[in-house]
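Each chain is listed here by its residues.
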Amino acid sequence: MYNTEVRGKLIDGDKSLKQISKEILAPIDAKTPAWWYIAFIISLGMFGWGLYCKYITISTGIGTWGVNNTVGWGWAIINFVWWIGIGHAGTAFSIFLLILRQKWRTAINRAAEAMTVVAVLCASLFPLLHMGRPWLFFFIFPYPNTRGPLWVNFNSPLFWDFVAISAYMLISASFWYFGMVPDFATIRDTTKSKVKKAVYGFFAFGWVGSSKEWLRFEALSFVLGGIAAVLVVSVHSIVSTDFAVSVEPGWHTTIFPPYFVVGAIFSGFAMVLTLVTLMRKLYKMNDFITDAHVDAVCRILVFISLIMGTAYLTEIFIAWYSGSEYEMFTFFRNRITGDYAFQFWAMFVFNALVPQLFWFKAVRKRLWVVFIISIIINIGMWFERFNIVITSLTKNYLPANWATYSPSIIEIGFFIGTLGMFSAGVLLFFRYIPMIAVSEVKSVAKFDKPIPSHGEHGGGHTSNERPLTTNNSQN
Amino acid sequence: MVGVFDNEFDLLQAFGKVKSKGLKIEEVYTPYPIHEILEGMGTKTRITHAAFFFGLFGALAVLGGMYYAAVESWPLNFGGKPFNTFPSFIVVTIVATILIVTLLTLFTFSARAKVFPGKKAEIVDIRATDDKFVMVVDASSPGYDAEELTALLKASGASDVY
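What counts, and where the lines are drawn
- Residues numbered from 1 in each chain as written.
- Chains lettered and ligands numbered in written order.
- Predicted model: local features only at pLDDT ≥ 70, side-chain atom pairs only at ≥ 80, totals over all residues.
- UniProt positions renumbered as here; feature names shortened; annotations may be inferred.
- Helix = DSSP H or I, 4+ residues; strand = E, 2+ residues; numbered from the N terminus.
- Rg over C-alpha atoms; globule rule 2.2 N^0.38 Å.
- Buried ≥ 20, exposed ≤ 12 C-beta atoms within 10 Å, placed from the backbone.
- Contact = placed C-beta atoms within 7 Å.
- pLDDT = per-residue confidence, 0-100.
- Pairing = 2+ DSSP bridges.
- Nonpolar A, V, L, I, M, F, W, Y, C, P; charged D, E, K, R; others polar.
- Expected span 1.5 Å × (residues − 1).
- Domains from an automatic or database assignment.
- Axes fitted to C-alpha atoms, helices over the stretch in contact; angles between N-to-C directions.
- Core = buried A, V, L, I, M, F, W, Y, C linked by C-beta atoms within 7 Å.

Chain B carries the name Quinol:cytochrome c oxidoreductase membrane protein in an unreviewed UniProt entry, which gives Sunxiuqinia elliptica as its organism.

Going by what an unreviewed UniProt entry lists, chain A is known as Prokaryotic molybdopterin-containing oxidoreductase family, membrane subunit and is assigned to Sunxiuqinia elliptica. Heading Subcellular location (unreviewed entry) of the UniProt record for chain A holds this comment: "Cell membrane".

Shown next, in the form of structure tokens:
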């Protein structure tokens, strides 16, 4: 059972329920700050450049990218895996911490879920445009057609990927949305603006907080939480089979599914950390995202970082232990040393060594250090995907096929476009959606407070004597 | 009769007292779910059972669909492997089943809890989604006495009774 003594307070400042709704919803009613417009315009600019690059890709073709016959997967697949990995934090946060009854998740899960939806949207663009003829993308959907009917290959990880990503997209979006319905109702009932009342009132779907609604809402969270937990593991396992099922040296290995899943959660949590430090700094959510919250995420990251380091070393060990000269070449001559040694060591240092700084409390409590390390992990995880995709492809079995790869300006622009899309999405989220789950924070507020002293309850109850069976925040 | 409470402990106390008097509680509106209330109201939900059957249906439909496409409709020979490659069908079955369960459970929730786009909220007390806990007692239930009930609600800590 959750014990506030271990983790520190869930909410600082002894807030009433009214203060909780008021303070979390304040940015929605407040005037949009100037920095928001500046950041949004920059994001839109990046997004615009991305759109231009997509236009060039579609109108001219994949030839505008740096990919060639040998290295058929370039930045597009690196970025796809990177974004999907980031997108894993939403479900990991909402579901795993829900199952583990970690009440501190209530302050962060909304942001993590929002991030998931935008990141998965960004990710899905890459395979779509990599198809070359994206206007025929629906061919991958198995439907009775006039081409035979010609069905898709159900044994192909690329098809699994399509199913997994679209399912993940729809499920995380609906999980996110239904979690927000009670909060939209709160906005509807507390705002003074008529327009906001109408708009949020529509999105609240007529929610009033009756016991019949809550009962089914809880059942829904239970079902969705239970089955979506499988997705956290399955989606990135499937992404890893894109690699593991092929017979490339460095890819054809059984460690890939767990390695990818852990890496995904690692990068996702790092991105969550980036976002919550921003929320604390920009929106002064310090009372809801307390030092204890940041501390908890840092502790998780240090643990996952150890798993990442172990995975890297295991891969190298197995390459040696296998006795396969192709595996040996890939790992020892083309990753640890060789043309791409910088990317390998960047991956190793950024993911396995730098996060070890989180062992120190002095590091964990300095927000700007935490912010910088979270960015470093994100960069490190990008290098990990570069390392996997590019090194194996450039030099495989036949030296006659060897080639080098460097991205074209169009590929770089495409990636920057998705960065712009992500930050624009996050900014819109900050501005128009309650960035912390109001109803869930309210439900854990009582754990920090003594029971009120009138009625039959004496005044002598403290939070330690509280009947913890009133554990009612399951969603 | 509507009693408005400032916190869940007062609400729970009043809830228990009103129930033990044999009065019918029409509905309770709270800013967050309170398990004692959800149990005490006596309404049961079968959404979890429905979800199981959605899952069963989904798994069979997806597996059946793939079997039909790969074995019946257009069998393709991939290196002499069997047409019905059941083990690799499992991957798609799991993920697609999860999707089917999620969507159908959402629709079931929407229909049963009557939470859907375009619904007009029937608000009893507008503060219930913010910081108040609102209990509505049925005035037509036997043994109902307005004065006595008002006193009872006030004594349990109601901040407002009307």
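Structure shown, so let's carry the discussion forward.
Colleague: What is the right way to look at the overall build of chain B in this model?
Modeller: The number of helices and strands found in chain B is five helices and four strands. In sequence order, the secondary structure elements of chain B are arranged as β-α-β-α-α-α-β-α-β. Rg of the C-alpha trace for chain B: 25 Å, well past the compact-globule value of 15 Å for 162 residues, more than 25% over. Viewed in the frame of its principal axes, chain B has a C-alpha envelope of about 85 × 30 × 25 Å. In chain B, which comprises 162 residues, the share counted as buried stands at 39%. In chain B, the proportion of contacts linking residues at least 24 apart, taken out of those at least 6 apart, comes to 77%.

Colleague: For this particular structure, what's the right way to read the confidence of the model for chain A?
Modeller: In low-pLDDT segments, the atomic positions of the prediction should not be examined closely. Within chain A, residue pLDDT values average 85, and 92% of them lie at 70 or more. Scored below 50 in pLDDT, residues 453–475 of chain A makes 39 contacts in the model with residues more than four places away or belonging to other chains.

Colleague: Explain the pairing of strand 1 (residues 2–5) of chain B here, please?
Modeller: Every other side chain in a regular strand lies on the same face of the sheet, so the side chains alternate between the two faces. Note: strand 1 of chain B against strand 3 (residues 133–137) of chain B, four bridges, orientation antiparallel. Across the sheet, residue Gly3 of chain B finds its bridge partner in strand 3 of chain B, namely Met135 of chain B.

Colleague: Please explain the UniProt feature "transmembrane region" (unreviewed entry) in chain B as it appears in this structure.
Modeller: Residues and elements named next belong to chain B. With numbering matched to this structure, UniProt assigns "transmembrane region" (unreviewed entry) to residues 50–69 and 89–109. This span, residues 50–69, is 100% helix and 0% strand, and a straight line between its end C-alpha atoms measures 28 Å. Overall, residues 89–109 shows 100% helix and 0% strand. The separation of its end C-alpha atoms is 30 Å.

Colleague: Just to check I follow, could you spell out the interface of chain B and chain A for this structure?
Modeller: Think of interface size as the accessible area that goes away when the parts come together; that is how it is often given. Tallying the contact residues gives 60 residues for chain B and 63 residues for chain A. Where the side of chain B that touches chain A is concerned, the elements lending two or more residues are helix 1 (8–20), strand 2 (25–29), helix 2 (35–40), helix 3 (47–73) and helix 4 (86–112) of chain B. With 15 residues, the single largest contributor to the side of chain B that touches chain A is helix 4 of chain B. Classifying every residue of the side of chain B that touches chain A by side-chain character gives 36 nonpolar, 15 polar and nine charged.

Colleague: Where do I start with helix 4 (residues 75–86) of chain A in this structure?
Modeller: Within an α-helix, residues lying three or four positions from one another point in the same direction, as the helix has 3.6 residues per turn. Residue and element names in this part refer to chain A. Compared with an ideal rise of 1.5 Å per residue, which puts twelve residues at 16 Å, helix 4 spans 16 Å between its outermost C-alpha atoms and is within 8% of the ideal. The buried count for helix 4 comes to twelve of twelve residues, which makes it a mostly enclosed element. Every buried residue of helix 4 is listed here: Trp75, Ala76, Ile77, Ile78, Asn79, Phe80, Val81, Trp82, Trp83, Ile84, Gly85 and Ile86. The inward-facing, buried residues of helix 4 contact helix 5 (88–99), helix 6 (109–130), helix 9 (211–244), helix 10 (256–283), helix 15 (367–394) and helix 16 (409–432).

Colleague: Which parts of the structure should I look at to understand unusual backbone geometry?
Modeller: Peptide bonds are, in most cases, trans, and in most cases residues other than glycine have a negative phi. Residue and element names in this part refer to chain A. Here Phe205, not a glycine, exhibits a phi torsion of approximately 55°, which is positive. Here Phe205 is to be found in the loop between helix 8 (194–203) and helix 9. Of the residues examined, Phe205 has 21 C-beta atoms within 10 Å and is grouped as buried. Of note, the phi angle at Lys284 is positive, near 55°, even though the residue is not glycine.

Colleague: Sorry if this is basic, but what is going on with the domain arrangement of chain B here?
Modeller: What the domain assignment reports for chain B is domain 1 (2–43 + 120–161) and domain 2 (47–112). Taking the mean C-alpha position of each, domain 1 of chain B and domain 2 of chain B sit 45 Å from one another.

Colleague: Which parts of the structure should I look at to understand the sheet that holds strand 2 of chain B?
Modeller: Hydrogen bonds between backbone groups are what pair the strands of a sheet, and the pairing can be parallel or antiparallel. All names here are of chain B. The four strands are arranged 2-3-1-4 in an open sheet whose pairing can be described as antiparallel. The open sheet has two edge strands, strand 2 and strand 4 (158–161), and neither has a second partner. Each neighbouring strand pair of the sheet contributes to a mean axis angle of 20°, computed without reference to strand direction. Of the pairings in the sheet, the one linking strand 1 to strand 4 comprises three bridges and is antiparallel in character.

Colleague: Explain the nonpolar core here, please?
Modeller: A general trend in soluble globular proteins is that nonpolar side chains are found buried together. Counting residues in hydrophobic clusters, the biggest one holds 182 residues, and the most contacted among them are Ala89, Ala111, Met115, Phe269, Val272 and Val441 of chain A together with Val95 of chain B. Sorting elements by how many residues they give to this core places helix 9 of chain A first, with 16 residues. For this core, the domains that each give at least three residues are domain 1 (2–43 + 120–161) and domain 2 (47–112) of chain B. Leaving out residues up to four positions away in the same chain, Val441 of chain A has contacts with Ile11, Ile20, Thr106, Ala107, Phe288 and Ile436 of chain A.

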